2 protein chains.
Amino acid sequence: MSHTFEQKISELKKVVENRIYEIVNKNEPVTLYEPMRYAISSGGKRLRPVLLLLVNEAVGGTLENALDAAVALELVHNFTLVHDDIMDNDDLRRGRETVHKKWDANVAILSGDALLVLAYSALHSNPYPILPEVLKDFSRGILKVCEGQTLDKEFETRESVTLEEYYEMIDKKTAELFSVACYVGSILGGGSEEQINAMKLYGKKVGRAFQIQDDLLDVISEEAVLGKDIGSDIEENKKTFLVVHALENADEDQKQKLHFILNKKRITAKDVRDVIDIFRQTNTITATRNIIENCLNDAKKTLLPLPDNSAKHHLNELLDTIAKRNS
Amino acid sequence: MSHTFEQKISELKKVVENRIYEIVNKNEPVTLYEPMRYAISSGGKRLRPVLLLLVNEAVGGTLENALDAAVALELVHNFTLVHDDIMDNDDLRRGRETVHKKWDANVAILSGDALLVLAYSALHSNPYPILPEVLKDFSRGILKVCEGQTLDKEFETRESVTLEEYYEMIDKKTAELFSVACYVGSILGGGSEEQINAMKLYGKKVGRAFQIQDDLLDVISEEAVLGKDIGSDIEENKKTFLVVHALENADEDQKQKLHFILNKKRITAKDVRDVIDIFRQTNTITATRNIIENCLNDAKKTLLPLPDNSAKHHLNELLDTIAKRNS
């Protein structure tokens, strides 16, 4: 990871964050704008807007022309986090109380709604000549996120899901916004059709890698590092990549034990250890790491049609930092 | 109420509903699209899109040019209903179970979110030359609705609110979407600046009348007629027009009694009767009816700058039907 890369990312994050604070600048009503600011100030990698801006720059676009769309995407992402945390009953995010925990579910519903509206406001405040096109991509993307989150919740009540169903779910829930980021970034930057399609795929592959890694981190990372409940996916009976893979490769005994623990209402530290044992026995941890690596390698290949500039190099380096992330 | 008026309204409703069903036409995931269709099929007066289309026609616009915006507004309205019912813990709407009751809160959050996204999709699917302007009005309007609903919830935890605060709350929560309907309708129809401003005021006054009447119907209508829990505003300690007026005109004994009942967690039929008694003693029911009549009279006056056509007459007749509504 080069010094320039870190500098560049932190520079882009700062520009995005400054603009977001300009947008969410009202004070009244307190129980709307305070939770909104709280949600957006939780830090985070700002990966989606950074991706949008890097891709935009890589194909020759200017920062100013793409900033509103980048900011809109980050606001959309925060809207989904605030609502998902209610649905998944998560008390912590990045080490802090979630909005519905700090206030209540009603406040979280409303501030999530308002974040989505501000996302659209940010987007259409910029009179891009291609605004209708960009809006269409955004709305289609957000609808897919809703569909993906619905599938995620539906899968919690099912005994098992196929790998194909798993990919449909994460492609919608997670990869879609990454894909929209790269797609819209390349459109706004004036990329060629080949570049636009390549970047769409780059986003999808990065998004998949990111989600599968999230699945992995839920069981292997420390709560202190991840800043959220360890094993919460297991408690919620989430059909993560690890569960899907383990169920497909488990013997009858392992399968029965896994179902038993996943169906429990409250899980203990021992339950988590038992599940991880089954993951190890079924070679699931290794298979998960391999899949993440494959996705990132696929993403790397899509960078070929880009001109040789620093933004392209940063998109490459970003893949390495994602591979190494532990939170 | 003329035969033509009823025909016209039912015609417009049908056009709007058909287009909405075209938009919410997917089946999978089942727990996203089924609740969405359930929410939009609950009937209702479709007052906001009908207003938009009537105003648009009154200033000389065509139906086809304004239909997408009308549909978008109805979808926004349904998004707010689905989310508000969670927050207000309402089990019934128009005589049917609410979405969060029939499914659960998670399903209601997600299907509400998706309705909002589809509202934006409907709106930007039409490449109006003035799309950025219309989008701006919409987003500003929806944000105000979120603010109004936040105030409504904040007020539940307060002992009393001023009449001014009450109006700020209902202007945002309810009157704003009526105002946006009439404003956008007159813009899309190519109205003059005078007409646009008049219609914006018409919408605001109709919206106020509508909300204050809602407050009244919560205590005086039969559940069978209203299709929702009777006295639910009292149970939720809502600061309705009636509560604000009664508290301002009550003696110490009445005030104390009113506060006591409003602060109860569960209210009985006797509590509702007691509250209504205080409303009567403080002349609140009559004052409420007068205010509604005043709002509708104000609305009537705003119709002056409109050319003399059938749509203008329908906008006039609409005021009479609102005055008489009991659900």
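Above this text is the structure in question.
Residues numbered from 1 in each chain as written. Chains lettered and ligands numbered in written order. Predicted model: local features only at pLDDT ≥ 70, side-chain atom pairs only at ≥ 80, totals over all residues. Heavy atoms only, no water.

1. Let's talk about the interface of chain A and chain B
Contact with chain A, which involves 36 residues of that partner, is made by 36 residues of chain B. Between chain A and chain B, a total of about 3100 Å² is buried, with carbon and sulfur atoms accounting for 73% of that surface. Counting the surface chain A buries against chain B, the share from its top three residues, Leu110, Val117 and His124 of chain A, is 17%. Connecting chain A to chain B are two salt bridges. Here Glu147 of chain B ties to Lys26 of chain A by a salt bridge, and the two come within 2.8 Å at their closest N and O atoms. The tally of links between chain A and chain B comes to 14 residue pairs in polar contact (both at pLDDT 80 or more). With 14 residues, helix α7 (residues 131–156) of chain A is the single largest residue contributor to the side of chain A that touches chain B. For the side of chain A that touches chain B, the residue count by class is 21 nonpolar, eight polar and seven charged. (Contact = heavy atoms within 4.5 Å. Buried area = accessible area lost by both parts, 1.4 Å probe. Salt bridge = Lys/Arg side-chain N within 4 Å of Asp/Glu carboxyl O. Polar contact = N/O pair within 3.5 Å; in protein donor to acceptor, adjacent residues only side chain to side chain. Helix = DSSP H or I, 4+ residues; strand = E, 2+ residues; numbered from the N terminus. Nonpolar A, V, L, I, M, F, W, Y, C, P; charged D, E, K, R; others polar.)

2. With respect to the environment of Lys173 of chain A
All names here are of chain A. Along the chain, the position of Lys173 falls in helix α8 (residues 163–188). Placed 32 residues apart in sequence, Lys173 and Gly141 show a C-alpha to C-alpha distance of 9.4 Å. Side-chain polar atoms of Lys173 contact the side chain of Asp152, separated by 3.1 Å.

3. Some remarks on the pattern of salt bridges
Considering all chains together, one arrives at 58 salt bridges over all chains under this definition. Ionic pairing is found between Asp137 of chain A and Arg140 of chain A, a salt bridge with its closest N-O pair at 2.8 Å. Of this pair, Asp137 of chain A and Arg140 of chain A both sit in helix α7, three residues apart, which is roughly one turn of the helix. For Asp137 of chain A, a relative accessible area of 3% translates into the label buried. Its salt-bridge partner being Glu64 of chain B, residue Arg19 of chain B comes within 3.1 Å of it at the nearest N-O pair. (Buried < 20%, exposed > 50% of the residue type's maximum accessible area, 1.4 Å probe, protein only.)

4. Some details on the packing of helix α2 (residues 30–40) of chain B against helix α6 (residues 105–124) of chain B
All names here are of chain B. It is the contact of α2 with α6, at a shortest axis distance of 9 Å, that shows an interaxial angle of 70°. Considering the angle they form, α2 stands roughly perpendicular to α6. Mapping the contact onto sequence places Thr31, Leu32, Pro35, Met36, Ala39 and Ile40 in α2 and Val107, Leu110, Ser111, Ala114, Leu115 and Leu118 in α6. Across the contact of α2 with α6, the residue classes break down as 10 nonpolar, two polar and no charged. (Axes fitted to C-alpha atoms, helices over the stretch in contact; angles between N-to-C directions. Parallel < 35°, antiparallel > 145°, perpendicular 65-115°, else oblique.)

5. Side note on the side chain of Thr288 of chain A
All names here are of chain A. Position of Thr288 relative to the elements: it lies in helix α15 (residues 284–301). Take Thr288: its relative accessible area is 0%, and that puts it in the buried class. Residue contacts for Thr288: discarding those within four places in its chain leaves Ile212, Leu216, Phe241 and Leu242.

6. Examining the environment of Thr174 of chain B
Residue and element names in this part refer to chain B. Locating Thr174 in the fold gives a position in helix α8 (residues 163–188). Sequence separation of Thr174 and Val145 is 29 residues, and the distance between their C-alpha atoms is 6.9 Å. Dropping the residues within four chain positions of it, Thr174 is found in contact with Gly207 and Gln211.

7. With respect to the relation of the copies chain A and chain B
What connects the two chain copies is a rotation about an axis and a shift along it. Once chain A has been moved 0.0 Å along the axis and rotated by 180°, it coincides with chain B to within an RMSD of 0.0 Å. With respect to symmetry, the two chain copies, as superposed, fit the operation of a two-fold axis. The share of interface residues of chain A whose copies in chain B are also at the interface is 100%, consistent with both copies meeting through the same surface. (Least-squares fit on C-alpha atoms with pLDDT ≥ 70 in both.)

8. Details of the packing of aromatic side chains
A full pass over the atoms with the stated rule returns nine aromatic pairs over all chains. Between Phe178 of chain A and Phe210 of chain A, the ring centres sit 5.3 Å apart and the planes meet at 45°, which makes this aromatic pair tilted. One end of the pair, Phe178 of chain A, is in helix α8; the other, Phe210 of chain A, is in helix α9 (residues 193–220), with 32 residues separating them in the sequence. Just as Phe178 of chain A is buried, Phe210 of chain A falls in that class too. Cluster of aromatic residues (ring-pair linked, three or more members): Tyr166, Tyr167 and Phe241 of chain A. Stacked on the ring of Tyr183 of chain B, the Lys or Arg Lys200 of chain B has its end atom at 4.7 Å from the ring centre. The ring of Phe210 of chain B has Arg325 of chain B lying over it, and the distance from NZ or CZ to the ring centre is 3.8 Å. (Phe/Tyr/Trp six-rings, centres within 6.5 Å; stacked < 30°, edge-to-face > 60°. Lys NZ or Arg CZ within 6 Å of the ring centre and 35° of its normal.)

9. Overview of helix α7 (residues 131–156) of chain B
Compared with an ideal rise of 1.5 Å per residue, which puts 26 residues at 38 Å, α7 of chain B spans 38 Å between its outermost C-alpha atoms and is within 8% of the ideal. In terms of residue burial, α7 of chain B counts as a mostly covered element, since 20 of its 26 residues are buried. (Expected span 1.5 Å × (residues − 1).)

10. Brief notes about the packing of helix α3 (residues 47–58) of chain B against helix α16 (residues 310–324) of chain B
Residue and element names in this part refer to chain B. In contact at an axis separation of 8 Å, α3 and α16 are set at 150° when each is read in the N-to-C sense. The angle between α3 and α16 places the two elements in the roughly antiparallel class. Seen along the crossing, α3 lies across α16 with a hand that is left-handed. Between α3, through Leu47, Leu51, Leu54, Val55, Glu57 and Ala58, and α16, the contact on the second element is made entirely by Ser310, Ala311, Lys312, His314, Leu315, Leu318 and Ile322. (Left-handed = near helix turned anticlockwise from the far one by under 90°.)

11. Points about unusual backbone geometry
Negative phi is the rule for most residues except glycine; trans is the rule for most peptide bonds. Glu28 of chain A connects to Pro29 of chain A through a cis peptide bond whose omega is -5°. You can see Pro29 of chain A is positioned in the loop between α1 (3–23) and α2 (30–40). At Arg46 of chain B, a residue that is not glycine, the phi angle is positive and equals roughly 55°. In this structure, Arg46 of chain B sits in the loop between α2 and α3. Judged by its relative accessible area of 3%, Arg46 of chain B falls in the buried class. Its identity is not glycine, yet Asn89 of chain B carries a phi of approximately 60°, on the positive side. Its relative accessible area of 53% is what places Asn89 of chain B among the exposed residues.

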